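Fold and geometry: a report
Given next are the chains, with one letter for each unit.
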Number of protein chains: 2
Amino acid sequence: MNDPRESPSIGDVTIDDEFFRPRREVNREVTIEYQYEQLEAAGTLDNFRRVRDGERGGHSGMWFQDSDAYKWIEAASYVLASRDDDDLEARVDEVIDLIADAQGADGYLNTYFDLEVPDKRWSNLNTMHELYCGGHLIEAAVAHYRATGKETLLDVARDFADHVDEMFPEQIDGAPGHQEIELALIKLAAVTDEDRYRDLAAYFVDVRGTTDRFAWENDHREEIATLEEWEGDEGGAEGDGEIGADDEDADSDGDAEEGNDDAEGGNDDAAEENDEWEDAEVEPYDASYNQAHAPLREQDAVEGHAVRAMYYFAGATDVAAETGDDGLLAHLDDLWENMTTRRMYVTGGIGSQHPGERFTIDYHLPNETAYAETCAAIGSIFWNQRLFEATGDAKYTDLIEWTLYNAVLPGVSLDGREFFYDNPLASDGDSHREGWFDCACCPPNVARLLASLERYLYATDDEALYVNQYVGGRAELSVAGTAVSISQVSDLPWEGSVTLDIDAAEPATFALRLRVPGWAEDVSIAVDGEAVDTAVDAADAPTYVTLDREWADAEISVEFGMSVEVFEAHPDVAADAGRVALTRGPLVYCLEGVDHDRPLHQYAIDPTTDFAATHREDVLDGVTVLDGEATVPSLDGWDDELYRPAVETATENVSITAVPYYAWDNREPGEMAVWVREA
Amino acid sequence: MNDPRESPSIGDVTIDDEFFRPRREVNREVTIEYQYEQLEAAGTLDNFRRVRDGERGGHSGMWFQDSDAYKWIEAASYVLASRDDDDLEARVDEVIDLIADAQGADGYLNTYFDLEVPDKRWSNLNTMHELYCGGHLIEAAVAHYRATGKETLLDVARDFADHVDEMFPEQIDGAPGHQEIELALIKLAAVTDEDRYRDLAAYFVDVRGTTDRFAWENDHREEIATLEEWEGDEGGAEGDGEIGADDEDADSDGDAEEGNDDAEGGNDDAAEENDEWEDAEVEPYDASYNQAHAPLREQDAVEGHAVRAMYYFAGATDVAAETGDDGLLAHLDDLWENMTTRRMYVTGGIGSQHPGERFTIDYHLPNETAYAETCAAIGSIFWNQRLFEATGDAKYTDLIEWTLYNAVLPGVSLDGREFFYDNPLASDGDSHREGWFDCACCPPNVARLLASLERYLYATDDEALYVNQYVGGRAELSVAGTAVSISQVSDLPWEGSVTLDIDAAEPATFALRLRVPGWAEDVSIAVDGEAVDTAVDAADAPTYVTLDREWADAEISVEFGMSVEVFEAHPDVAADAGRVALTRGPLVYCLEGVDHDRPLHQYAIDPTTDFAATHREDVLDGVTVLDGEATVPSLDGWDDELYRPAVETATENVSITAVPYYAWDNREPGEMAVWVREA
């Protein structure tokens, strides 16, 4: 294992990028503000007030609703790390005071348990999410501390973590039902320099799949806190979340009620009990749902609920890196290979099945019913970033770019006000983003990712500066002991031109590593106008091209060849058989009904077609569209025929226009298809 | 309108046919016997005993369970019409005695109402199926009378019909929620020569869609008999039918619970209330579900629950024929054209959507989630037979043949013991027939159709003898006043050779009309070895070829050219885009996983491929299989790749074997596809 790479602090990077600027502005001005309003509207802050005031009962909303407050603080803290905002800071401080006041003397904090079932703490690890909420508390605290230097929330998080550390494993031996605290504890260990938080994270990573605690809980519901109690309390009845929605992976897809694909959140999902197990006394416990079917090191494929899996593997990668466990790291890479070569959509989306929001089996990647949850894609970015930090391998940062553009950004409308929780790759016209209001699920995850994008652009280790993502702006970093300033201008995702200005405080020798994207047709690099023979072949991409020299003040011009690629899927992917998908650079494209006269299933594309890429400022806030020819069947002779002998079918040539998949469903509602029939 | 054609009595026809003999034997010896056992096991006969004995409460099973007894009598009567069976006849008589003893003095009879809610008769026409059960009572009575000459059950049916005639429309103005009594009353009118039963049928046909009674009932549940009461009573709790199952169209598909396609019976279905409307106080009434959205003459497409639609249109066709209403008949033909050119599977199956078991929109014909209920196909045969009788048009009898082989027979396993309720045209390997036990739904309908197949083979009118179906055996018919004996030997469905021996009691001049199937490539006919120039072109088929001459004793040899046809679907059928289906003669073929090494989605067929048809006695109890070449993608270079540029894809030629669709799922479980990708 190499020495791990460090991602920069948010404050060390300033993003100023044509493509991402409007998205980050909307995120800050609309999404994070709305997120705050919801904390009052949904009773989330009132829950903390009630606990602070010593009340009992009256919990409002979902049983894991505390995490909404923590996620808002985390996102707001990322904003505060990159810009001054006194009003926002004051509001954050107010919410933190409230949280601090609600915390018990022993460090425990969970308003649902405190208000409703205080004597049942830690009795139902599988379902009740105390550790999950605690993980978000810790992440918020670390973000807030890093942004402001204030320890107000960090103290709360430490007290909570210390309490957990006392309880686990001495008094309770078991893993969380929903992973999250593992990666959070690693962050806490980093800012506090306390190894025991890391050890606790390692314990939670390792204990999963080694005990039968979840199954026992499932068989002893009368002895533990359960969702039945939650459903029966006022919170369940009054909350605006739908019954059975499950934290950030809640099912909020309106289609679910229309029989298209039955909606179920997972095995701790009350809705599922109604639908699937209404006659069963006790629903069977499926250990693979939360990756507890085997110890991690014995799992040979990515299984179960995709968000849980990503959070788990992210935390485990942290633990492997922190403990120098090369075997575990290699095993996690095996799981990554399984995911990326068997169980991932062409967009980078993961979790192909709506019921259980989960991975299914190799090559099972249905398009119209794809779940491909936005949160799971974000979790994949979390995991890939950690794998990169631990290994320095460009395949991980390359997948981050692809996933960001094609599996996370589709989750947000261009105006930032509506969200896809699930991201189908084909639609008959009934799939549409929904407002935040239905469920406080994916939007906060998008908010915290976009607000912390700075951390993904560069990285450093003892001898190198990595340029991972081509997003314009500036960074002030320390490389090999020297302060280095780097400015970037990027034409991505529309063109492959990038200019980097390096300015070292004093001349310093280090390796500048530029990620050569997997999509690059070719790569040419010039330093101060002079072409560099990089000895890197685009066929090897994704990889890093290394410019190892003494750097003082230099301008690096990079040109990644960008052309339209027509992709096909592995022959075992039934959903994509006889179909192709268009990509250009880092973007997956799709056809939308609004651009076409015929139903989309009638179009067929010859893979050798020349597509013209044209940037159109008038389309979808400015996108590069792909224009080309396709064939459609002639409609001659079909009057009042439904079936006929397939004599040589006459076809007609027609024009088609493909738009970036991330931008679909921002115009008139209609059909959409990523995979189009091959002519 | 021509003079209507008459179908023969069952006793006038003796079926002796290679293909149908085993099916009819199993039907008689297994299915109808099992059907009888279920009458005791499910408490159906006990319900009648309780009413006979003056008990209250204790109703067992579904609220429409009386119809199970009637359906058994009907099927058994068809058997009795074709062969002596003292034991069976005695059992039928016993059940009839019981029914007669249970009938009220006023003619009313419905054990659910009599036992559970006697004061709520006729209060809920939409849901509670008193008229539906009464229709099956009448059909059974007519069948029994025709088979045995006994009027024991006919008297019960007359008393019931007289009671209904008193009530409707004078005291209650409304249509049945589930059509059935319309066509039954026409049968009753025929055997009793009572026009008022025909008039009552016409009333029920016409009143539908003209009142808001169903909607009113839906909004006033507290004032009427409801399924809530049924669910709450012992019958609902004790019955072995599943909650929410709905008469012959009940949902008994185990897949429904697996999220594949949410299962719902219809708008009077309690299960649907749980799934779809659990938060709604009153579920909205969808008038199109039971064809009450407009008066029949203003309906311009086949809508709603497919079985209800077929029974309705069958009854309406009877009424049109009986009343000489050419306008109504023409309108029904328009509906038939809509169905067959927009809303019918290539198999003849209808009703593409599981929720509501219904027609949806033009060209919406999904394959894997096809409902295509066996009962709906049987209903289609009922309707088509009546349309033929009224018009003499071969297109109707041709569709009967196609539907029988490809949409009804698939509903029964080769051993006659398991049944498909829904008939998907593609399966990933999870669709399998189920035993009778789950629901007394499609199997009794299959039983009565197969037991009365005699009625579909021939027809006569004043001047012609029609040979409609090529099924071997003998018939003794009266044509143009002369007794004519006809023997048939048929090689269908495997080859197109048919031999007919005509033997008239005395030389008589009449037209012998032989249906030229739509699938015939060509047709050649010889009478006593001498070729006849029929002036009929196979391109005009389906049609009748008419041999108009004086007949005494003659042998007619018919050869319909049978070859493999590769079909394509209308370009607007999204599910079949870029796909072809194989047929040969009257049979639709499919690929099954058990015959192939690759997943079925990898095969692509060139429509110009020569397929070899080979009869294989060792396969599926003897079928003609189609062998040919197809292409599959090469798997080279796909190691650990999931997506790659669609460079010219290498393909390999491999052999495929297609088997008749009706015979699928009778070997190892596996994939199945009717529509295969076109190369």
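Residues numbered from 1 in each chain as written. Chains lettered and ligands numbered in written order. Predicted model: local features only at pLDDT ≥ 70, side-chain atom pairs only at ≥ 80, totals over all residues. Heavy atoms only, no water.

Labelled according to an unreviewed UniProt entry, chain A appears under the name Glycoside hydrolase family 127 protein, originating from Halorhabdus utahensis.

1. Thoughts on the interface of chain A and chain B
Each side of the interface is counted separately: chain A has 51 residues, and chain B has 52 residues. When residues of chain A are sorted by the area they lose upon contact with chain B, Glu568, Leu642 and Tyr643 of chain A head the list and together hold 20% of the total. Summed over the shared surface of chain A and chain B, the result is 4 salt bridges. The interface formed by chain A and chain B contains 16 residue pairs in polar contact (both at pLDDT 80 or more). When residues of the side of chain A that touches chain B are traced back to their parent elements, those giving at least two are helix 13 (270-276), helix 15 (326-342), strand 13 (564-569), strand 19 (643-645) and strand 22 (675-678) of chain A. Top element by residues in the side of chain A that touches chain B is strand 13 of chain A. It accounts for 5 residues. Its residues placed into classes, the side of chain A that touches chain B shows 23 nonpolar, 11 polar and 17 charged. Bridging between strand 13 of chain A and strand 19 (residues 643-645) of chain B involves 3 bridges; their strand directions are antiparallel. Residue pairing for strand 19 of chain B: Glu568 of chain A is matched across the bridge by Arg644 of chain B. (Contact = heavy atoms within 4.5 Å. Buried area = accessible area lost by both parts, 1.4 Å probe. Salt bridge = Lys/Arg side-chain N within 4 Å of Asp/Glu carboxyl O. Polar contact = N/O pair within 3.5 Å; in protein donor to acceptor, adjacent residues only side chain to side chain. Helix = DSSP H or I, 4+ residues; strand = E, 2+ residues; numbered from the N terminus. Nonpolar A, V, L, I, M, F, W, Y, C, P; charged D, E, K, R; others polar. Pairing = 2+ DSSP bridges.)

2. Thoughts on the relation of the copies chain A and chain B
Overlaying chain A with chain B gives an RMSD of 0.1 Å, the required rotation being 180° about an axis along which the chain moves by 0.1 Å. Expressed as a symmetry operation, the mapping of one chain copy onto the other fits a two-fold axis. Of the residues that chain A buries at the interface, 100% are likewise interface residues in chain B, meaning the two copies contact each other through the same surface. (Least-squares fit on C-alpha atoms with pLDDT ≥ 70 in both.)

3. Some points on the nonpolar core
Ranked by internal contacts, the top residues of the largest apolar core, which has 223 residues, are Phe168, Leu514 and Ile556 of chain B. Looking at this core element by element, the count peaks at 11 residues for helix 14 (residues 306-323) of chain B. Look past the residues within four positions of Ile556 of chain B in its chain and what remains in contact with it is Val498, Thr499, Leu500, Ile502, Leu512, Leu514, Ile525, Ala526, Val527, Leu547 and Trp551 of chain B. Membership of the second largest hydrophobic core comes to 221 residues, among which are Tyr285, Tyr466, Leu500 and Leu512 of chain A. (Core = buried A, V, L, I, M, F, W, Y, C linked by side-chain atoms within 4.5 Å. Buried < 20%, exposed > 50% of the residue type's maximum accessible area, 1.4 Å probe, protein only.)

4. Observations concerning the pairing of strand 17 (residues 612-616) of chain B
Residue and element names in this part refer to chain B. Across 5 bridges, the pairing between strand 17 and strand 18 (residues 623-633) is antiparallel. Considered in strand 18, the bridge of His615 is made with Thr624. Taking the residues that link successive antiparallel strands as the turn, the strand 17-strand 18 hairpin has 6 residues, and the phi of Leu620 there is positive, at about 50°.

5. Description of the domain arrangement of chain A
All names here are of chain A. Once the domains are mapped, chain A shows domain 1 (43-230), domain 2 (289-437), domain 3 (458-561) and domain 4 (564-678). Put simply, the middle of domain 1 and the middle of domain 2, counted by C-alpha atoms, are 24 Å apart. Each partner contributes residues to the interface: domain 1 has 19 residues there, and domain 2 has 20 residues. Roughly 1700 Å² is buried in total at the junction of domain 1 and domain 2, and carbon and sulfur atoms are behind 62% of that figure. On the domain 1 side of the contact with domain 2, Gln179, Leu183 and Val205 bury the most area, a combined 32% of that side's loss. At the boundary of domain 1 with domain 2, the tally comes to 1 salt bridge. With a closest N to O distance of 3.0 Å, Arg297 and Asp206 form a salt bridge. At the junction of domain 1 and domain 2, the tally comes to 8 residue pairs in polar contact (both at pLDDT 80 or more). It is helix 9 (residues 195-207) that contributes the most residues to the side of domain 1 that touches domain 2, 5 residues altogether. Of the residues that constitute the side of domain 1 that touches domain 2, the class distribution is 6 nonpolar, 7 polar and 6 charged. (Domains from an automatic or database assignment.)

6. So, helix 8 (residues 181-192) of chain B
All names here are of chain B. Compared with the 16 Å implied by 1.5 Å per residue over 12 residues, the 16 Å span of helix 8 between its first and last C-alpha is a close match. Within helix 8, 11 of the 12 residues are buried, leaving the element largely enclosed by the surrounding structure. Of the positions making up helix 8, those classed as buried are Ile181, Glu182, Leu183, Ala184, Leu185, Ile186, Lys187, Leu188, Ala189, Val191 and Thr192. Along its buried surface, helix 8 packs onto helix 3 (66-82), helix 6 (130-148), helix 7 (152-167), helix 9 (195-207), helix 14 and helix 16 (374-391). (Expected span 1.5 Å × (residues − 1).)

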